[in-house]
Amino acid sequence: MDQQSPFVSLVEHPRRRVIAFLFLLMSMFLATLDNQIVSTALPTIVGEFGAVERFGWVASAYLLASCAVMPIYGKLGDLIGRKYVLMAAIVIFLVGSLTCGLAVSMNTLIAARVLQGFGGGGLMVSIFSLNADLFPARERAKYQSYASLVLMTSGALGPILGGTMTAAFGWRSIFLVNLPVGLVVLVGLHILLPNRKTGRRPKIDFLGALLLALMVTGIVLWCDSGEIFGSMLSPASLGVVAAVAVLTALWVMVERRAPEPMIPLSLFSNRTVVLLLIVSIASGSIAIGMVNYLALFLQTVHGLSPTAAGLFFIPVTIGLAVGALTGGRLMSITGRYRPFAILGLSISTLAFATLSLFAASAPLALMAAILGLHGLGIGFGQQVPVLGVQNAARGGDVGAATGTVTLSRMVGASAGISIYGAILAHGLGRSASIPGVGSLTELSPTAIAALPAPARALAIGGYGDTFTMLFMFAAVVCLIGLVAALALRPMLLGAPAKAGSSA
(Lines give C-alpha, C1' and ligand atoms only; values in the text may rest on other atoms or scores of the structure.)
Protein backbone atom coordinates (compact mmCIF):
# COMPACT_ATOMS: atom_id res chain seq x y z
CA MET A 1 0.00 0.00 0.00
CA ASP A 2 1.57 3.27 -1.06
CA GLN A 3 2.05 6.06 1.44
CA GLN A 4 -0.46 8.23 -0.39
CA SER A 5 -3.10 5.51 -0.90
CA PRO A 6 -6.38 5.65 1.04
CA PHE A 7 -6.66 3.07 3.81
CA VAL A 8 -8.46 -0.17 2.90
CA SER A 9 -9.04 -2.56 5.79
CA LEU A 10 -7.97 -6.18 5.47
CA VAL A 11 -11.47 -7.15 6.75
CA GLU A 12 -14.18 -4.88 5.35
CA HIS A 13 -17.16 -5.98 7.50
CA PRO A 14 -16.95 -4.07 10.84
CA ARG A 15 -18.30 -6.89 13.06
CA ARG A 16 -16.11 -9.51 11.43
CA ARG A 17 -13.15 -7.14 11.87
CA VAL A 18 -13.76 -6.83 15.62
CA ILE A 19 -14.10 -10.61 15.99
CA ALA A 20 -10.80 -11.07 14.14
CA PHE A 21 -9.21 -8.53 16.49
CA LEU A 22 -10.48 -10.52 19.50
CA PHE A 23 -8.77 -13.64 18.12
CA LEU A 24 -5.59 -11.58 17.74
CA LEU A 25 -5.87 -10.55 21.39
CA MET A 26 -6.24 -14.21 22.38
CA SER A 27 -3.03 -15.11 20.56
CA MET A 28 -1.26 -12.12 22.13
CA PHE A 29 -2.44 -13.28 25.56
CA LEU A 30 -0.89 -16.70 24.91
CA ALA A 31 2.48 -15.22 23.93
CA THR A 32 2.73 -12.69 26.77
CA LEU A 33 1.29 -14.96 29.45
CA ASP A 34 3.78 -17.73 28.79
CA ASN A 35 6.88 -16.17 30.35
CA GLN A 36 4.90 -14.93 33.37
CA ILE A 37 3.14 -18.21 34.03
CA VAL A 38 6.44 -20.13 34.12
CA SER A 39 7.93 -18.08 36.98
CA THR A 40 5.92 -19.67 39.80
CA ALA A 41 6.34 -23.19 38.36
CA LEU A 42 10.15 -23.03 38.17
CA PRO A 43 10.82 -24.25 41.75
CA THR A 44 8.68 -27.35 41.06
CA ILE A 45 10.47 -27.96 37.75
CA VAL A 46 13.87 -27.70 39.44
CA GLY A 47 12.62 -30.09 42.14
CA GLU A 48 11.90 -32.70 39.44
CA PHE A 49 14.84 -32.19 37.11
CA GLY A 50 17.49 -30.68 39.40
CA ALA A 51 20.10 -28.57 37.53
CA VAL A 52 19.38 -25.50 39.65
CA GLU A 53 22.37 -23.78 38.03
CA ARG A 54 20.34 -23.63 34.77
CA PHE A 55 17.25 -22.29 36.55
CA GLY A 56 17.37 -18.86 34.87
CA TRP A 57 17.76 -20.29 31.37
CA VAL A 58 14.17 -21.57 31.30
CA ALA A 59 13.01 -17.94 31.11
CA SER A 60 16.07 -16.49 29.33
CA ALA A 61 15.92 -19.04 26.48
CA TYR A 62 12.38 -17.92 25.58
CA LEU A 63 13.34 -14.24 25.76
CA LEU A 64 16.48 -14.67 23.66
CA ALA A 65 14.70 -16.67 20.96
CA SER A 66 11.67 -14.38 20.73
CA CYS A 67 13.79 -11.22 20.50
CA ALA A 68 16.06 -12.75 17.84
CA VAL A 69 13.20 -13.40 15.41
CA MET A 70 10.97 -10.33 15.92
CA PRO A 71 12.37 -8.21 13.05
CA ILE A 72 12.50 -11.26 10.78
CA TYR A 73 8.78 -11.99 11.19
CA GLY A 74 7.98 -8.34 10.57
CA LYS A 75 9.86 -8.34 7.28
CA LEU A 76 8.39 -11.66 6.16
CA GLY A 77 4.92 -10.23 6.74
CA ASP A 78 5.81 -7.30 4.47
CA LEU A 79 7.00 -9.68 1.75
CA ILE A 80 4.48 -12.54 1.70
CA GLY A 81 1.48 -11.27 3.69
CA ARG A 82 0.86 -11.31 7.43
CA LYS A 83 -1.85 -13.97 7.75
CA TYR A 84 0.30 -17.00 6.96
CA VAL A 85 3.29 -15.57 8.81
CA LEU A 86 1.13 -15.26 11.95
CA MET A 87 -0.32 -18.74 11.49
CA ALA A 88 3.19 -20.18 11.10
CA ALA A 89 4.21 -18.43 14.34
CA ILE A 90 1.21 -19.94 16.15
CA VAL A 91 2.06 -23.44 14.88
CA ILE A 92 5.71 -23.09 15.99
CA PHE A 93 4.56 -21.79 19.38
CA LEU A 94 2.17 -24.73 19.84
CA VAL A 95 4.79 -27.31 18.81
CA GLY A 96 7.17 -25.66 21.29
CA SER A 97 4.49 -25.77 24.00
CA LEU A 98 3.88 -29.48 23.37
CA THR A 99 7.62 -30.17 23.49
CA CYS A 100 7.92 -28.25 26.77
CA GLY A 101 5.08 -30.29 28.25
CA LEU A 102 6.82 -33.55 27.23
CA ALA A 103 10.33 -32.49 28.37
CA VAL A 104 12.35 -35.19 30.15
CA SER A 105 15.23 -33.07 31.48
CA MET A 106 16.22 -29.47 32.09
CA ASN A 107 18.23 -29.39 28.87
CA THR A 108 15.31 -30.61 26.75
CA LEU A 109 13.01 -28.08 28.46
CA ILE A 110 15.41 -25.23 27.68
CA ALA A 111 15.68 -26.36 24.04
CA ALA A 112 11.88 -26.56 23.82
CA ARG A 113 11.62 -23.04 25.26
CA VAL A 114 13.86 -21.80 22.45
CA LEU A 115 11.45 -23.33 19.90
CA GLN A 116 8.49 -21.84 21.75
CA GLY A 117 10.22 -18.43 21.74
CA PHE A 118 10.69 -18.61 17.97
CA GLY A 119 6.89 -18.74 17.72
CA GLY A 120 6.15 -16.28 20.55
CA GLY A 121 8.30 -13.52 19.02
CA GLY A 122 6.45 -13.88 15.73
CA LEU A 123 3.08 -13.71 17.49
CA MET A 124 3.78 -10.31 19.03
CA VAL A 125 5.11 -8.65 15.87
CA SER A 126 2.52 -10.14 13.51
CA ILE A 127 -0.35 -9.06 15.76
CA PHE A 128 0.77 -5.43 15.94
CA SER A 129 1.42 -5.43 12.17
CA LEU A 130 -2.01 -6.92 11.43
CA ASN A 131 -3.63 -4.18 13.52
CA ALA A 132 -2.17 -1.75 10.99
CA ASP A 133 -3.94 -3.70 8.23
CA LEU A 134 -7.26 -3.92 10.09
CA PHE A 135 -7.74 -0.36 11.38
CA PRO A 136 -6.86 3.10 10.05
CA ALA A 137 -4.28 4.98 12.11
CA ARG A 138 -6.68 6.98 14.30
CA GLU A 139 -9.03 4.09 15.00
CA ARG A 140 -6.02 1.82 15.64
CA ALA A 141 -5.03 3.93 18.65
CA LYS A 142 -8.24 2.92 20.42
CA TYR A 143 -7.85 -0.77 19.66
CA GLN A 144 -4.19 -0.89 20.62
CA SER A 145 -5.16 0.43 24.04
CA TYR A 146 -7.04 -2.86 24.48
CA ALA A 147 -3.87 -4.70 23.48
CA SER A 148 -2.03 -2.80 26.23
CA LEU A 149 -4.58 -4.08 28.74
CA VAL A 150 -3.97 -7.64 27.55
CA LEU A 151 -0.24 -7.18 28.10
CA MET A 152 -0.79 -5.97 31.66
CA THR A 153 -3.45 -8.59 32.44
CA SER A 154 -1.14 -11.39 31.40
CA GLY A 155 1.55 -9.97 33.66
CA ALA A 156 -0.84 -9.81 36.61
CA LEU A 157 -2.53 -13.20 36.08
CA GLY A 158 0.51 -15.18 34.96
CA PRO A 159 2.12 -15.90 38.36
CA ILE A 160 -1.30 -16.69 39.91
CA LEU A 161 -2.30 -19.08 37.11
CA GLY A 162 1.14 -20.69 37.12
CA GLY A 163 1.00 -21.46 40.82
CA THR A 164 -2.61 -22.65 40.73
CA MET A 165 -2.21 -24.92 37.71
CA THR A 166 1.08 -26.37 38.96
CA ALA A 167 -0.51 -27.24 42.32
CA ALA A 168 -3.67 -28.70 40.74
CA PHE A 169 -2.43 -30.44 37.58
CA GLY A 170 1.38 -30.43 37.67
CA TRP A 171 3.84 -28.07 35.99
CA ARG A 172 3.43 -29.63 32.53
CA SER A 173 -0.14 -28.31 32.39
CA ILE A 174 1.08 -24.70 32.10
CA PHE A 175 2.49 -25.56 28.67
CA LEU A 176 -0.09 -28.07 27.47
CA VAL A 177 -3.00 -25.68 28.14
CA ASN A 178 -1.73 -23.60 25.21
CA LEU A 179 -2.68 -26.36 22.75
CA PRO A 180 -6.51 -26.22 22.81
CA VAL A 181 -6.58 -22.42 23.07
CA GLY A 182 -4.00 -22.03 20.32
CA LEU A 183 -5.84 -24.40 17.98
CA VAL A 184 -9.08 -22.41 18.41
CA VAL A 185 -7.20 -19.19 17.62
CA LEU A 186 -5.54 -20.80 14.60
CA VAL A 187 -8.85 -21.97 13.11
CA GLY A 188 -10.57 -18.64 13.87
CA LEU A 189 -7.87 -16.56 12.19
CA HIS A 190 -7.76 -18.90 9.19
CA ILE A 191 -11.50 -18.38 8.65
CA LEU A 192 -11.71 -14.66 9.44
CA LEU A 193 -8.54 -13.19 7.93
CA PRO A 194 -7.80 -13.00 4.22
CA ASN A 195 -4.17 -12.85 3.15
CA ARG A 196 -3.38 -9.53 1.51
CA LYS A 197 -0.94 -10.12 -1.31
CA THR A 198 1.85 -7.59 -1.20
CA GLY A 199 2.59 -7.57 -4.93
CA ARG A 200 6.28 -7.81 -4.09
CA ARG A 201 8.46 -10.63 -5.33
CA PRO A 202 9.87 -12.25 -2.18
CA LYS A 203 13.66 -11.98 -2.04
CA ILE A 204 14.53 -13.37 1.36
CA ASP A 205 17.67 -11.83 2.84
CA PHE A 206 18.89 -15.04 4.51
CA LEU A 207 22.35 -13.75 5.40
CA GLY A 208 20.92 -10.53 6.81
CA ALA A 209 18.37 -12.53 8.82
CA LEU A 210 21.07 -14.78 10.27
CA LEU A 211 23.35 -11.87 11.19
CA LEU A 212 20.43 -9.94 12.68
CA ALA A 213 19.33 -12.92 14.79
CA LEU A 214 22.88 -13.44 16.07
CA MET A 215 23.29 -9.72 16.77
CA VAL A 216 20.02 -9.45 18.70
CA THR A 217 20.81 -12.65 20.63
CA GLY A 218 24.16 -11.13 21.59
CA ILE A 219 22.56 -7.89 22.79
CA VAL A 220 19.98 -9.69 24.94
CA LEU A 221 22.65 -12.11 26.18
CA TRP A 222 24.84 -9.20 27.27
CA CYS A 223 21.86 -7.58 29.01
CA ASP A 224 21.46 -10.82 30.98
CA SER A 225 25.20 -11.33 31.50
CA GLY A 226 25.11 -10.14 35.12
CA GLU A 227 23.27 -13.35 35.97
CA ILE A 228 24.91 -15.60 33.37
CA PHE A 229 28.56 -14.49 33.66
CA GLY A 230 28.49 -12.85 37.09
CA SER A 231 29.06 -9.30 35.83
CA MET A 232 28.20 -7.16 32.82
CA LEU A 233 31.90 -6.21 32.67
CA SER A 234 33.40 -9.70 33.05
CA PRO A 235 35.76 -10.93 30.28
CA ALA A 236 33.01 -13.20 28.89
CA SER A 237 30.51 -10.30 28.86
CA LEU A 238 32.98 -8.00 27.10
CA GLY A 239 33.62 -10.80 24.59
CA VAL A 240 29.89 -10.79 23.83
CA VAL A 241 30.02 -7.00 23.33
CA ALA A 242 32.94 -7.36 20.90
CA ALA A 243 31.10 -10.08 18.97
CA VAL A 244 27.98 -7.88 18.75
CA ALA A 245 30.07 -4.99 17.39
CA VAL A 246 31.54 -7.21 14.64
CA LEU A 247 28.13 -8.70 13.79
CA THR A 248 26.59 -5.22 13.62
CA ALA A 249 29.25 -4.02 11.16
CA LEU A 250 28.76 -7.11 8.99
CA TRP A 251 24.98 -6.75 9.13
CA VAL A 252 25.10 -3.12 7.98
CA MET A 253 27.34 -4.09 5.05
CA VAL A 254 24.96 -6.88 4.01
CA GLU A 255 21.79 -4.76 4.39
CA ARG A 256 23.21 -1.98 2.21
CA ARG A 257 23.46 -4.42 -0.69
CA ALA A 258 20.34 -6.54 -0.08
CA PRO A 259 17.38 -6.01 -2.48
CA GLU A 260 14.95 -6.59 0.43
CA PRO A 261 16.86 -5.92 3.69
CA MET A 262 15.41 -7.39 6.89
CA ILE A 263 15.35 -3.92 8.44
CA PRO A 264 15.66 -1.14 5.84
CA LEU A 265 18.51 1.11 6.97
CA SER A 266 16.43 4.07 5.78
CA LEU A 267 14.34 3.61 8.94
CA PHE A 268 17.30 4.77 11.02
CA SER A 269 17.63 7.95 8.94
CA ASN A 270 14.03 8.79 9.87
CA ARG A 271 14.25 11.16 12.85
CA THR A 272 10.80 10.23 14.15
CA VAL A 273 11.54 6.50 14.10
CA VAL A 274 14.84 6.93 15.97
CA LEU A 275 13.23 9.10 18.67
CA LEU A 276 10.34 6.64 19.07
CA LEU A 277 12.81 3.76 19.45
CA ILE A 278 14.42 5.66 22.34
CA VAL A 279 10.97 6.20 23.86
CA SER A 280 10.23 2.48 23.41
CA ILE A 281 13.48 1.39 25.11
CA ALA A 282 12.80 3.70 28.07
CA SER A 283 9.19 2.47 28.29
CA GLY A 284 10.25 -1.19 28.27
CA SER A 285 12.82 -0.68 31.00
CA ILE A 286 10.35 0.90 33.43
CA ALA A 287 7.13 -0.93 32.48
CA ILE A 288 8.48 -4.49 32.24
CA GLY A 289 11.92 -4.34 33.80
CA MET A 290 10.85 -2.76 37.09
CA VAL A 291 8.07 -5.19 38.11
CA ASN A 292 10.13 -7.68 40.12
CA TYR A 293 12.17 -4.95 41.79
CA LEU A 294 9.08 -3.12 43.02
CA ALA A 295 7.86 -6.40 44.54
CA LEU A 296 11.25 -6.96 46.22
CA PHE A 297 11.24 -3.37 47.54
CA LEU A 298 7.84 -3.80 49.15
CA GLN A 299 8.90 -7.09 50.79
CA THR A 300 12.31 -5.98 52.08
CA VAL A 301 11.85 -2.30 52.99
CA HIS A 302 8.19 -2.37 54.02
CA GLY A 303 8.18 -5.94 55.33
CA LEU A 304 5.17 -7.10 53.31
CA SER A 305 4.45 -10.75 52.53
CA PRO A 306 4.54 -11.79 48.84
CA THR A 307 0.72 -11.87 48.83
CA ALA A 308 0.41 -8.41 50.39
CA ALA A 309 3.06 -7.02 48.02
CA GLY A 310 1.08 -8.44 45.10
CA LEU A 311 -1.97 -6.42 46.18
CA PHE A 312 -0.01 -3.21 45.57
CA PHE A 313 0.04 -4.01 41.87
CA ILE A 314 -3.71 -3.49 41.77
CA PRO A 315 -3.19 0.34 41.70
CA VAL A 316 -0.62 -0.18 38.93
CA THR A 317 -3.14 -2.18 36.90
CA ILE A 318 -5.93 0.35 37.51
CA GLY A 319 -3.65 3.23 36.54
CA LEU A 320 -2.54 1.43 33.40
CA ALA A 321 -6.12 0.64 32.39
CA VAL A 322 -7.23 4.27 32.89
CA GLY A 323 -4.21 5.63 31.03
CA ALA A 324 -4.38 3.17 28.13
CA LEU A 325 -8.12 3.49 27.51
CA THR A 326 -8.19 7.28 27.98
CA GLY A 327 -5.05 7.84 25.91
CA GLY A 328 -6.22 5.50 23.15
CA ARG A 329 -9.58 7.22 22.80
CA LEU A 330 -8.08 10.72 22.89
CA MET A 331 -5.51 9.75 20.26
CA SER A 332 -8.35 8.46 18.07
CA ILE A 333 -10.23 11.76 18.50
CA THR A 334 -7.30 14.18 18.09
CA GLY A 335 -5.07 12.11 15.80
CA ARG A 336 -2.03 13.17 17.87
CA TYR A 337 0.31 10.84 19.73
CA ARG A 338 3.20 13.13 20.79
CA PRO A 339 1.30 14.75 23.73
CA PHE A 340 0.60 11.32 25.23
CA ALA A 341 4.23 10.23 24.99
CA ILE A 342 5.17 13.44 26.81
CA LEU A 343 2.40 13.07 29.39
CA GLY A 344 3.15 9.40 30.09
CA LEU A 345 6.89 9.87 30.54
CA SER A 346 6.39 13.04 32.61
CA ILE A 347 4.15 11.10 35.00
CA SER A 348 6.62 8.20 35.16
CA THR A 349 9.52 10.58 35.84
CA LEU A 350 7.53 12.16 38.67
CA ALA A 351 6.61 8.75 40.10
CA PHE A 352 10.20 7.46 40.26
CA ALA A 353 11.59 10.79 41.48
CA THR A 354 9.04 10.66 44.32
CA LEU A 355 9.96 7.04 45.05
CA SER A 356 13.65 7.95 45.27
CA LEU A 357 12.89 10.70 47.79
CA PHE A 358 10.21 9.23 50.02
CA ALA A 359 9.71 5.53 49.30
CA ALA A 360 11.70 4.18 52.24
CA SER A 361 9.70 6.20 54.79
CA ALA A 362 6.39 6.67 52.95
CA PRO A 363 3.20 5.26 54.49
CA LEU A 364 1.70 2.38 52.53
CA ALA A 365 -1.24 4.51 51.37
CA LEU A 366 1.20 6.91 49.70
CA MET A 367 3.06 3.96 48.18
CA ALA A 368 -0.18 2.72 46.63
CA ALA A 369 -0.85 6.20 45.19
CA ILE A 370 2.67 6.45 43.72
CA LEU A 371 2.35 3.00 42.14
CA GLY A 372 -1.02 4.01 40.69
CA LEU A 373 0.70 7.08 39.21
CA HIS A 374 3.38 4.79 37.76
CA GLY A 375 0.70 2.65 36.07
CA LEU A 376 -1.04 5.76 34.71
CA GLY A 377 2.19 6.94 33.09
CA ILE A 378 2.79 3.55 31.47
CA GLY A 379 -0.81 3.43 30.20
CA PHE A 380 -0.71 6.85 28.52
CA GLY A 381 2.50 6.14 26.64
CA GLN A 382 2.52 2.40 26.05
CA GLN A 383 1.00 2.28 22.57
CA VAL A 384 2.68 5.47 21.29
CA PRO A 385 5.92 3.95 19.90
CA VAL A 386 4.15 1.30 17.78
CA LEU A 387 1.54 3.76 16.48
CA GLY A 388 4.12 6.44 15.77
CA VAL A 389 6.57 4.14 13.99
CA GLN A 390 3.81 2.59 11.86
CA ASN A 391 2.64 6.09 10.96
CA ALA A 392 6.17 7.23 10.04
CA ALA A 393 7.08 4.11 8.07
CA ARG A 394 3.85 3.35 6.22
CA GLY A 395 3.83 1.52 2.94
CA GLY A 396 5.82 -1.64 2.39
CA ASP A 397 7.92 -1.48 5.57
CA VAL A 398 5.24 -1.45 8.29
CA GLY A 399 6.06 -5.00 9.39
CA ALA A 400 9.80 -4.39 9.55
CA ALA A 401 9.25 -1.15 11.48
CA THR A 402 6.81 -2.86 13.87
CA GLY A 403 9.27 -5.69 14.47
CA THR A 404 12.03 -3.20 15.20
CA VAL A 405 10.03 -1.15 17.72
CA THR A 406 8.65 -4.28 19.44
CA LEU A 407 12.19 -5.61 19.74
CA SER A 408 13.44 -2.30 21.15
CA ARG A 409 10.89 -2.52 23.96
CA MET A 410 12.05 -6.03 24.88
CA VAL A 411 15.71 -5.01 24.74
CA GLY A 412 14.85 -2.08 27.03
CA ALA A 413 13.20 -4.50 29.44
CA SER A 414 16.19 -6.88 29.37
CA ALA A 415 18.70 -4.07 29.83
CA GLY A 416 16.59 -2.57 32.62
CA ILE A 417 16.37 -5.86 34.51
CA SER A 418 20.13 -6.38 34.27
CA ILE A 419 21.14 -2.83 35.18
CA TYR A 420 18.69 -2.67 38.08
CA GLY A 421 20.12 -5.97 39.30
CA ALA A 422 23.66 -4.60 39.03
CA ILE A 423 22.69 -1.47 41.00
CA LEU A 424 21.03 -3.63 43.64
CA ALA A 425 24.02 -5.96 43.97
CA HIS A 426 26.48 -3.05 44.08
CA GLY A 427 24.48 -1.11 46.66
CA LEU A 428 23.91 -4.08 48.95
CA GLY A 429 27.54 -5.14 48.59
CA ARG A 430 28.70 -1.71 49.76
CA SER A 431 26.37 -1.70 52.76
CA ALA A 432 27.94 -2.46 56.10
CA SER A 433 27.71 -6.08 57.21
CA ILE A 434 25.31 -6.76 60.05
CA PRO A 435 27.05 -8.26 63.12
CA GLY A 436 26.26 -11.96 63.39
CA VAL A 437 24.42 -11.95 60.04
CA GLY A 438 26.86 -11.05 57.27
CA SER A 439 26.20 -9.44 53.89
CA LEU A 440 22.79 -8.11 52.96
CA THR A 441 23.03 -9.90 49.63
CA GLU A 442 22.54 -13.20 51.50
CA LEU A 443 19.33 -12.11 53.25
CA SER A 444 15.92 -12.94 51.80
CA PRO A 445 12.82 -10.90 52.79
CA THR A 446 11.79 -13.76 55.10
CA ALA A 447 15.22 -13.79 56.75
CA ILE A 448 15.08 -10.01 57.28
CA ALA A 449 11.68 -10.28 58.97
CA ALA A 450 13.08 -12.89 61.39
CA LEU A 451 16.04 -10.74 62.52
CA PRO A 452 16.15 -9.06 65.93
CA ALA A 453 14.89 -5.47 65.86
CA PRO A 454 18.31 -3.68 65.74
CA ALA A 455 19.65 -5.96 62.98
CA ARG A 456 16.36 -5.74 61.07
CA ALA A 457 16.53 -1.92 61.14
CA LEU A 458 20.08 -2.03 59.70
CA ALA A 459 19.02 -4.44 56.96
CA ILE A 460 15.99 -2.36 56.03
CA GLY A 461 18.15 0.78 55.99
CA GLY A 462 20.66 -0.87 53.65
CA TYR A 463 17.94 -1.99 51.26
CA GLY A 464 16.24 1.41 51.49
CA ASP A 465 19.43 3.29 50.52
CA THR A 466 20.07 0.90 47.63
CA PHE A 467 16.53 1.21 46.28
CA THR A 468 16.85 5.00 46.46
CA MET A 469 19.73 4.75 43.95
CA LEU A 470 17.77 2.30 41.80
CA PHE A 471 14.70 4.56 41.66
CA MET A 472 16.89 7.57 40.85
CA PHE A 473 18.35 5.67 37.90
CA ALA A 474 14.83 4.73 36.73
CA ALA A 475 13.84 8.43 36.92
CA VAL A 476 16.85 9.31 34.72
CA VAL A 477 15.77 6.65 32.18
CA CYS A 478 12.28 8.20 32.13
CA LEU A 479 13.82 11.64 31.69
CA ILE A 480 15.84 10.45 28.67
CA GLY A 481 12.65 9.06 27.15
CA LEU A 482 10.87 12.34 27.92
CA VAL A 483 13.55 14.38 26.14
CA ALA A 484 13.14 12.13 23.08
CA ALA A 485 9.35 12.58 23.24
CA LEU A 486 9.70 16.36 23.45
CA ALA A 487 11.96 16.28 20.37
CA LEU A 488 9.26 14.58 18.28
CA ARG A 489 7.67 16.71 15.60
CA PRO A 490 3.90 17.17 15.90
CA MET A 491 2.35 14.66 13.51
CA LEU A 492 -1.22 13.61 12.83
CA LEU A 493 -1.96 9.89 12.72
CA GLY A 494 -2.77 9.00 9.14
CA ALA A 495 -1.28 12.20 7.70
CA PRO A 496 0.99 11.44 4.73
CA ALA A 497 4.66 12.22 5.28
CA LYS A 498 5.99 15.03 3.10
CA ALA A 499 8.49 14.12 0.49
CA GLY A 500 12.00 14.38 1.88
CA SER A 501 10.74 14.81 5.42
CA SER A 502 12.29 12.75 8.16
CA ALA A 503 9.19 13.00 10.29
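All figures in this text were calculated on a predicted structure; none of them were measured in a lab.

Scoring rules and cut-offs
Residues numbered from 1 in each chain as written. Predicted model: local features only at pLDDT ≥ 70, side-chain atom pairs only at ≥ 80, totals over all residues. Heavy atoms only, no water. Helix = DSSP H or I, 4+ residues; strand = E, 2+ residues; numbered from the N terminus. Buried < 20%, exposed > 50% of the residue type's maximum accessible area, 1.4 Å probe, protein only. Contact = heavy atoms within 4.5 Å. Phe/Tyr/Trp six-rings, centres within 6.5 Å; stacked < 30°, edge-to-face > 60°. pLDDT = per-residue confidence, 0-100. Core = buried A, V, L, I, M, F, W, Y, C linked by side-chain atoms within 4.5 Å. Salt bridge = Lys/Arg side-chain N within 4 Å of Asp/Glu carboxyl O. Axes fitted to C-alpha atoms, helices over the stretch in contact; angles between N-to-C directions. Parallel < 35°, antiparallel > 145°, perpendicular 65-115°, else oblique. Left-handed = near helix turned anticlockwise from the far one by under 90°. Nonpolar A, V, L, I, M, F, W, Y, C, P; charged D, E, K, R; others polar.

1. Focus on the overall build of the protein
For the protein, the count of helices and strands is 21 helices and 0 strands. Going through the 503 residues of the protein one by one, you find that 54% of them count as buried. Within the protein, contacts between residues separated by at least 24 positions form 83% of all contacts whose residues are at least 6 apart in sequence.

2. A closer look at the packing of aromatic side chains
Inspection of the entire model under this criterion finds 12 aromatic pairs. Ring centres 5.6 Å apart and planes at 85° place the aromatic pair Phe 21 and Phe 135 in the edge-to-face group. Placement of Phe 21 in helix H1 (residues 14–39) and of Phe 135 in the loop between helix H5 (106–134) and helix H6 (137–169) is noted, with a sequence separation of 114 residues between them. In this structure Phe 21 comes out as buried when scored by relative accessible area, which is 2%. Between Phe 467 and Phe 471, the ring centres sit 5.8 Å apart and the planes meet at 35°, which makes this aromatic pair tilted. Taken together, the residues span about one helical turn, with Phe 467 and Phe 471 both in helix H21 (residues 453–486) at a distance of 4 residues. Considered together, Phe 467 and Phe 471 belong to a single accessibility category, that of buried residues.

3. Points about the confidence of the model for the protein
Chain-level statistics for the protein give a pLDDT mean of 81 and a share of 87% at 70 or above. The least confident element of the protein is helix H10 (residues 225–228), whose mean pLDDT is 68; the most confident is helix H16 (residues 338–358), at 93. For residues 496–503, every residue scores under 50 in pLDDT, and the model assigns this stretch 16 contacts once sequence neighbours within four places are set aside.

4. A look at the environment of Ser 9
Following the sequence through the fold, Ser 9 ends up in the segment before H1. On a C-alpha basis, the gap between Ser 9 and Phe 135 in space is 6.1 Å, while along the polypeptide they are 126 residues apart. Apart from residues lying up to four places away in sequence, Ser 9 is in contact with Arg 17, Asp 133, Leu 134 and Arg 196.

5. Concerning the nonpolar core
Counting 89 residues, the largest nonpolar core has Leu 86, Ile 90, Leu 123, Leu 189, Leu 193, Leu 212 and Tyr 337 as its most contacted members. No other element matches helix H3 (residues 57–80), which puts 9 residues into this core. In contact with Tyr 337, other than residues within four places in its own chain, are Thr 272, Leu 276, Met 331, Val 384, Gly 388, Asn 391, Leu 488, Met 491 and Leu 493. Listed in part, the 42 residues of the second largest apolar core include Ile 286, Ala 295, Ala 351 and Leu 470.

6. Quick look at the pattern of salt bridges
Enumeration according to the criterion identifies 1 salt bridge in this entry. In this structure, Asp 133 engages Arg 82 in a salt bridge whose closest nitrogen and oxygen atoms are separated by 2.8 Å. One end of the pair, Asp 133, is in helix H5; the other, Arg 82, is in helix H4 (residues 82–101), and 51 residues separate them in sequence. The two residues Asp 133 and Arg 82 agree in class, both being buried.

7. Some details on the packing of H5 against helix H19 (residues 398–430)
Here H5 crosses H19 at 130°, and the two axes come no closer than 9 Å. Overall, the two elements H5 and H19 adopt an arrangement that is oblique. Helix-helix and strand crossings are classified by hand; for H5 and H19 the assignment is right-handed. Along the contact surface, H5 presents Met 124, Val 125, Phe 128, Ser 129 and Ala 132, while H19 presents Val 398, Gly 399, Thr 402, Gly 403 and Thr 406.

8. Section: the packing of helix H12 (residues 271–287) against helix H18 (residues 384–392)
It is the contact of H12 with H18, at a shortest axis distance of 9 Å, that shows an interaxial angle of 165°. Looking at the two axes, H12 sits roughly antiparallel to H18. The interaxial crossing formed by H12 with H18 has left-handed handedness. Here H12 contributes Thr 272, Val 273, Leu 276, Val 279 and Ser 280 to the contact with H18, which in turn contributes Val 384, Pro 385, Gly 388, Val 389 and Ala 392. Considering only residue class, the contact of H12 with H18 consists of 7 nonpolar, 3 polar and no charged.

9. Describing the side chain of Ser 66
By the secondary structure assignment, Ser 66 is in helix H3. The exposure class assigned to Ser 66 is buried, which follows from its relative accessible area of 5%. Residues contacting Ser 66, with those up to four places away along its chain left out, are Gly 117, Gly 120 and Gly 121.

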